[in-house]
Amino acid sequence: MSTSTPVTRDDTAPWGADPYADALRSGRGPLFLRRTDGWLLPLEVERWCAGADAADLSALRRCEGPVLDIGCGPGRLVAALHAQGRRALGIDVSEAAVARTSATGGAALCASVFDSLPDEGHWGTALLLDGNIGIGGDPRALLARIGELLGRQGLLLVETTPADIDERVQVRVDDLHGPRRRQGSRHSWFPWARVGTPALLRHAAATGWTPTERWTVPEQQPATGQGRRHLEGALPGQGPFPGQDAFAGQGSGPDQPPAAGRCFVALRRRAEPLNRG
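Points about the confidence of the model for the protein chain
The predicted structure's coordinates, where accompanied by low pLDDT, should not be read in detail.
Here's step 1: Mean pLDDT over the protein chain stands at 81; residues scoring 70 or higher make up 74%.
Here's step 2: In the model, residues 1-12 has pLDDT below 50 throughout and makes 21 contacts with residues more than four positions away in sequence or in other chains.

Remarks on the sheet that holds strand β9 (residues 190-195)
Here's step 1: Judged by pairing direction, the sheet is antiparallel, and its four strands sit side by side in the order β2-β1-β8-β9 without closing on themselves. A single partner strand is all that each edge strand has here, and the edge strands are β2 (40-42) and β9. Put simply, the sheet's adjacent strands are angled 45° from each other on average, direction ignored.
Here's step 2: Both strand β1 (residues 32-35) and β2 contribute to a ladder of three bridges, which runs antiparallel. By the bridge assignment for β2, L33 is matched with L41.

Topic: the environment of I165
Here's step 1: Counting through the fold element by element, I165 comes out in the loop between β7 (150-160) and β8 (166-174).
Here's step 2: In this structure the C-alpha to C-alpha distance between I165 and V195, which are 30 residues apart in sequence, comes to 5.2 Å.

Concerning the pattern of salt bridges
Here's step 1: Scanning all chains against the criterion turns up 22 salt bridges.
Here's step 2: R62 is paired through a salt bridge with E213; the nearest N and O atoms lie 2.8 Å apart. Taken together, the residues R62 in the loop between α4 (54-60) and β3 (67-70) and E213 in strand β10 (residues 209-218) connect sequence positions 151 residues apart.
Here's step 3: Residue R62 is classed as partly exposed on the basis of its relative accessible area of 26%.
Here's step 4: Salt bridges sharing partners connect three or more residues here, namely E44, R47, D53, D56, R76, D130, E159 and R262.

How each quantity is defined
- Residues numbered from 1 in each chain as written.
- Predicted model: local features only at pLDDT ≥ 70, side-chain atom pairs only at ≥ 80, totals over all residues.
- Heavy atoms only, no water.
- pLDDT = per-residue confidence, 0-100.
- Contact = heavy atoms within 4.5 Å.
- Pairing = 2+ DSSP bridges.
- Helix = DSSP H or I, 4+ residues; strand = E, 2+ residues; numbered from the N terminus.
- Axes fitted to C-alpha atoms, helices over the stretch in contact; angles between N-to-C directions.
- Salt bridge = Lys/Arg side-chain N within 4 Å of Asp/Glu carboxyl O.
- Buried < 20%, exposed > 50% of the residue type's maximum accessible area, 1.4 Å probe, protein only.

Laid out in structure tokens, this is it:
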């Protein structure tokens with residue numbers, strides 16, 4: 001049983017409904033997280049639904065022991081680990097994500113990271129890629145919970161951004177196709193966090209983690225630049241969240257240049273001191 005502060009299922013319910021489920025079933029966007037003030041964060045559905053890329057593989061090479069992929073989405077990381085003969089389990093609150101992961105041959109469970117999970121305290125590595133450090137809107141609660149899931153000195157691999165970003169926001173999933181029946185319901189908005197590397201290291205230190213490695217993999221941009229044009233043309237007069245970064249694989253508007261690549265941090269659970277009493 002988890003001793004951390006749980007995230008209610010109201011916080012994660014939107015990921016199990018349209019338009020997120022529709023995007024995963026079709027394998028394409030556009031799809032965004034919309035903040036309450038109207039700013040948009042693009043979600044890379046096409047990349048998530050493709051195979052693992054060079055940046056993904058750079059993280060998977062560092063995995064140790066059995067791997068728990070938190071917020072596995074359509075399962076490209078679980079599938080890649082399965083193809084390597086590695087034991088891996090994906091968890092996601094979206095039934096569509098779990099179904100797509102299972103279809104690739106990977107193992108997946110429809111559950112929140114704050115639910116009771118198999119083999120708690122025995123996972124060798126946990127993955128928080130694709131911005132999933134934002135799950136629940138409370139990075140410290142999330143990091144503390146992952147500490148319960150891993151074995152002694154377990155490894156956590158987090159995708160982040162070098163920018164000093166540390167914000168808590170209310171968001172909803174939006175495909176720009178107009179209002180939906182659920183839009184006004186209590187399930188529309190849910191808490192999310194955006195955390196850059198400096199803030200991640202602060203939260204990690206406060207929750208019993210030690211950084212062991214940081215690395216960046218250069219962004220693989222389409223030759224035509226189509227992805228960036230799509231973002232800038234999606235909603236005239238609106239851009240991504242301030243400080244947009246490698247999480248979305250796009251630039252951040254006029255105030256910030258495009259991200260140079262995807263950034264990762266490896267964290268190790270700090271060994272608890274021996275009780276000499």
